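# Examination of the molecular architecture
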Amino acid sequence: MQKFDYEIGDELGIHARPAGILVKEAKRFQSKLTLTRDGETANVTRLMEVMALGVKQGQTVTIEADGEDEEDAIGAMKRFFEEHF
């Protein structure tokens, strides 16, 4: 398992449009990807779960990848968060 923490810089937090793109990106990998905020966890391949976390600007989230392509998955997630959030 690999993981990283990321503080959300986008003034809208994790909102619908980039969250939808995030889900599509996550579905490219076989590894299980999760997003955690304040002890609540969402499957990154499920848009409604990601949106239900209600992540706001300034909050820190943890992204975890567990599976056979976890290195590629976590690298792609890091790049995605840096570019979009």
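Conventions adopted
Residues numbered from 1 in each chain as written. Predicted model: local features only at pLDDT ≥ 70, side-chain atom pairs only at ≥ 80, totals over all residues. Heavy atoms only, no water. Pairing = 2+ DSSP bridges. Helix = DSSP H or I, 4+ residues; strand = E, 2+ residues; numbered from the N terminus. Axes fitted to C-alpha atoms, helices over the stretch in contact; angles between N-to-C directions. Contact = heavy atoms within 4.5 Å. Phe/Tyr/Trp six-rings, centres within 6.5 Å; stacked < 30°, edge-to-face > 60°. Buried < 20%, exposed > 50% of the residue type's maximum accessible area, 1.4 Å probe, protein only. Core = buried A, V, L, I, M, F, W, Y, C linked by side-chain atoms within 4.5 Å.

With that settled, consider the sheet that holds strand β2 (residues 32-37). Sheets are built from strands that pair by backbone hydrogen bonding, the pairs being arranged parallel or antiparallel. Taking strand neighbours across the sheet as the criterion, the four strands line up as β1-β4-β2-β3 in an open arrangement whose pairing is antiparallel. Each end of this open sheet is capped by a strand with a single partner; those strands are β1 (2-7) and β3 (40-43). Ignoring strand direction, the axes of neighbouring strands in this sheet form an average angle of 25°. Contacts from helix α3 (residues 70-84) reach β1, β2 and β4 (60-66) within the one sheet, and its direction differs from that of β1 by about 5°.

So, about the packing of aromatic side chains. On inspection of all chains with the given rule, the structure shows five aromatic pairs. Ring plane angle 50° and centroid distance 5.1 Å describe the contact between Phe 81 and Phe 85, whose orientation is recorded as tilted. Assigned by exposure class, Phe 81 and Phe 85 land together as buried. Pairwise contacts between aromatic rings join Phe 4, Tyr 6, Phe 80, Phe 81 and Phe 85 into one cluster.

Glancing now at the nonpolar core. Ranked by internal contacts, the top residues of the largest apolar core, which has 25 residues, are Ile 14, Leu 35, Ile 63 and Phe 81. Those elements that provide at least two residues to this core are β1, α1 (16-26), β2, β4 and α3. Among the elements that take part in this core, α3 stands out by supplying six residues, more than any other.

By the element assignment, Thr 34 lies in strand β2. Among the residues examined, Thr 34 registers a relative accessible area of 11% and is labelled buried. Those residues within four positions of Thr 34 in sequence are excluded, and the remaining contacts are Thr 41, Ala 42, Val 44, Thr 62, Ile 63 and Glu 64.

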